[in-house]
Each structure stands twice: as C-alpha cells, then as structure tokens.
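# Structural overview
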Amino acid sequence: MSKLLVTGGAGFIGSNFISYWLSQHPEDSITNLDALTYAGNEANLADVQDNSKYSFLKGNILDKEIVGRLVGEADIVVHFAAESHVDRSILGPEAFVETNVKGTFVLLDAVRQRKIHFHHISTDEVFGALALDSAEKFTEATPYYPHSPYSASKAASDHLVRAYGDTYGLAYTITNCSNNFGPYQHPEKFIPRMITNLSDGQPVKVYGDGKYVRDWLHVLDHCRAIDAVLQSGKSGETYLVGGMSNDVNNLEVAKLLLQHMNLSEDKIEFVKDRPGHDRRYAVDWSRINKDLGWEPEHSFEEWLKETITWYQQNEAWWRPLKEEAEQLYVKSGQ
Ligand code: NAD
Ligand code: TDX
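Now for a description of the structure that goes with this document. If you're wondering where the values come from, they're calculated on a predicted model, not measured in any experiment.

We now examine the site of ligand 2. The full set close to ligand 2 counts 20 residues, and Thr123, Tyr150, Arg193, Lys205 and Arg274 are the nearest of them. The side chain of Tyr150 places a nitrogen or oxygen atom 2.6 Å from an oxygen atom of ligand 2. Interatomic distance of 2.9 Å between a backbone N/O atom of Tyr207 and an oxygen atom of ligand 2. In isolation ligand 2 exposes 660 Å². Once the protein is present, 95% of that is buried. If you list the elements that add at least two residues to the shell around ligand 2, you get helix H6 (190–199) and strand E8 (204–207).

Using the criterion set out here, one finds 16 salt bridges in the structure. The shortest N-O distance in the salt bridge between Glu326 and Arg193 comes to 2.9 Å. Residue Glu326 is located in helix H11 (residues 315–332), and its partner Arg193 is located in helix H6; the two are separated by 133 residues in the primary sequence. For Glu326, a relative accessible area of 21% translates into the label partly exposed. Across the pair Arg287 and Glu237 runs a salt bridge whose closest N-O atoms are separated by 2.7 Å. One end of the pair, Arg287, is in helix H9 (residues 286–292); the other, Glu237, is in strand E10 (residues 237–241), with 50 residues separating them in the sequence. You can call Arg287 partly exposed: its relative accessible area is 27%. Taking the relative accessible area as the measure of exposure, Glu237 reaches 16% and is therefore buried. Taken together, the shared-partner salt bridges in this structure form one network comprising Arg193, Lys322 and Glu326.

Rules used in this analysis
Residues numbered from 1 in each chain as written. Chains lettered and ligands numbered in written order. Predicted model: local features only at pLDDT ≥ 70, side-chain atom pairs only at ≥ 80, totals over all residues. Heavy atoms only, no water. Near = heavy atom within 4 Å. Polar contact = N/O pair within 3.5 Å; in protein donor to acceptor, adjacent residues only side chain to side chain. Areas by Shrake-Rupley, 256 points an atom, 1.4 Å probe, with all protein chains shown as cover. Helix = DSSP H or I, 4+ residues; strand = E, 2+ residues; numbered from the N terminus. Salt bridge = Lys/Arg side-chain N within 4 Å of Asp/Glu carboxyl O. Buried < 20%, exposed > 50% of the residue type's maximum accessible area, 1.4 Å probe, protein only.

Set out below in structure tokens:
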C-alpha cells in the first residue's frame, strides 16, 4: 500500500495515469497536486472523483510550503507537472523555465529531505533531432541537444534530477518518452487539433513540408511503462519509452485521419513552419523491454481510429478548450 504524490495529474498524461493506477493498484492512494493552468482540467478525472483513495489539491509546484507538506505525506513522487507545448514555449518561454526547471528544483529539494523515491517524466525531445533519411534511434546514451525552450527546460530538469542523485543520494528514476496520443489530450496538440478542426469543417494545418516524423506512443502504453519502472526499475536509471508508429510523418498522419473520417485530401493546408522544428524522433526502447519486459501494445493505426471516435463522442469535453487553442495559432500565424 503506497501513497503517491502525483504532480500535474489534471493534464493529459497525468490524468490518464491516475485513472490507470487506481484501477491497477486499488490499495494505493494518490494525491494530485496541480495548478490547473490552461492545460489542467478536473473534468479529465471524472471517473476517479468519488474514489476515496484519490484527493486533489489545487496548488503550484513552485510553492515550497505546499510541496513540503505534500511530500511529507507521500511515499513516492511521480512528477508530470510541466509546461508541455513547444509552440507556446516559442511565444513565451519564461513559464517553461519557471515550472519545468525551478518547479522541479522545489520538488527535488523537498524529496531529498524526506529520502523518498522521485520518478521524473521527461521527453525524447531533450535529444534534439534525427536525420530524416537515417535509421538511427535515440538511446539512453544519446547526448542531449535540445532545440526549443520547452525541450531545453526539460533537459535542464533531467540534469537536476541526476545531479540530486549524484550529490545527495536521491533515489530516482527517469523516463524519456516519445509523443503521446489518446483521450484527454488538449486540442492545441497535433492529433486532437486535426480531429477537432475536421469536426468543425476546418482544414488540418500541416507545418512546413509535413515531412516531420514523430514516434507515436499511446498514452496507456506510457502509463504501463511508468508502472513497470515504479514496480521494478533500478534506482538511478533512465528508461526510454517509444511507440509502434514506424517513422510515420505528419503529412501521412493527416492523410490517415482524413481517410478514417471519410474526407478528401483537399482538407490539408500547409502553413508556416515551426522555428527550430525537429525533423525526426525515433526511440529505441530495448532497455525497458530487456530489463523490465515492457513493450507497447497499442498499434498506431488502430488506436488512431479509437482516438478519433473518442473525440467524436466527447465534444462536450473539448469544445470549451478549442477556441483558446486556436487563438494561440492566430498569434503564431499557423
Ligand atoms: P499537459 O500540458 O497536458 O499537463 C500538464 C499539467 O501540469 C496540467 O494539468 C497543468 O495544470 C499542470 N501544471 C503546469 N504547471 C504547473 C505548476 N507550476 N504547478 C502545478 N501544476 C502545473 O502535459 P502532458 O502532455 O500531460 O505532459 C505531462 C508530462 O509528460 C510533462 O512533463 C511533459 O514534458 C511530459 N511528456 C509529454 C509528452 C506528450 O506527448 N504529451 C511526451 C513526452 C513527455
Ligand atoms: O497544427 C499543427 N500542425 C503540425 O504540423 C500542430 C499543432 C503540430 N504540427 C506538427 C509539429 C510536430 O512536428 O506536428 C508534430 C507534433 O506536434 P505537437 O503535437 O505540438 O507535439 P511536439 O511538438 O512533437 O511535442 C509533443 O511531444 C513531445 C508534446 O507537446 C511534448 O510535451 C512532448 O515532450
């Protein structure tokens, strides 16, 4: 029976994780600390709202008093809270440094005094970009080379976690995963933006030439990977987590969506490219497979269809978020 402190549990991945964890580990309890920024939404947690093992506290990870108190009551911290959107980091980087770097520091400092385990959720974007025409993949040994304020702030947070391990003996694990997709992802991100645009009769907006490759990981496979690491991962270790999408590029994803939604390709609009846009991400997940027996189970094509259906059936969830998401793109001209 463990007491988990989850940060950022009202966001996309954190909320999926809380629902997943309480269904798989009903004996455990979870406190969710989330500031409810534009990306946090209590509606994501409707299915656990009445679970006596779940509690929510609206608060900021930068708040040392709240963090100290909640860390004091926990056995383990699972840290999702972050500013997570690359395009927003280009328009306003400061919040990314505050939350992702300083917020992680506040948590680490509280955790080191309590001597409990810290699991840090990070991203494959810290490694930078791979060439389009190569078969290379990121591994745990790939050097860091982040290109956006978002990925630079996540890289800094990873370094801080390892430094706390080396300097203060902090017990930690890190997962760096690829692009997630699935239910409750904010409509500012690529796949939900495309589905909701098409539902509104609008075009899909493809940045640049569309030949940008992401390694799509279903959010439930990500939750299973974190579970495997929390159960059996080695302290001080990093595990890369990736999906089954096999080098599909953004234009191909757009075409697949149009095909599944019975729409023609004239709904594709090419728009201004993202500055510093990383060409290709691909994750070699053989360490977590070999050491912990994890592998992704959700195929990309099938679960893309499931994701379309989820958004079609849950317009009441995404509709209130859609207008603000599109205002962002008015600012960025995309
Ligand atoms: P998200 O933006 O959907 O959710 C972030 C959550 O953190 C929100 O609920 C928000 O309210 C909360 N938050 C933000 N600032 C906070 C603060 N200062 N104090 C407390 N709470 C705060 O993000 P996500 O997509 O669920 O990503 C979760 C984590 O996974 C992040 O650390 C992100 O870097 C990482 N990650 C995401 C992806 C992806 O594809 N979405 C891929 C790799 C890694
Ligand atoms: O309208 C769009 N058109 C488009 O072509 C949007 C929103 C995006 N794109 C492109 C940019 C990327 O190549 O699609 C790809 C995916 O974009 P995002 O959904 O913004 O994700 P990305 O920038 O890859 O970052 C995401 O995955 C890694 C998460 O936001 C990060 O938190 C995570 O670390």
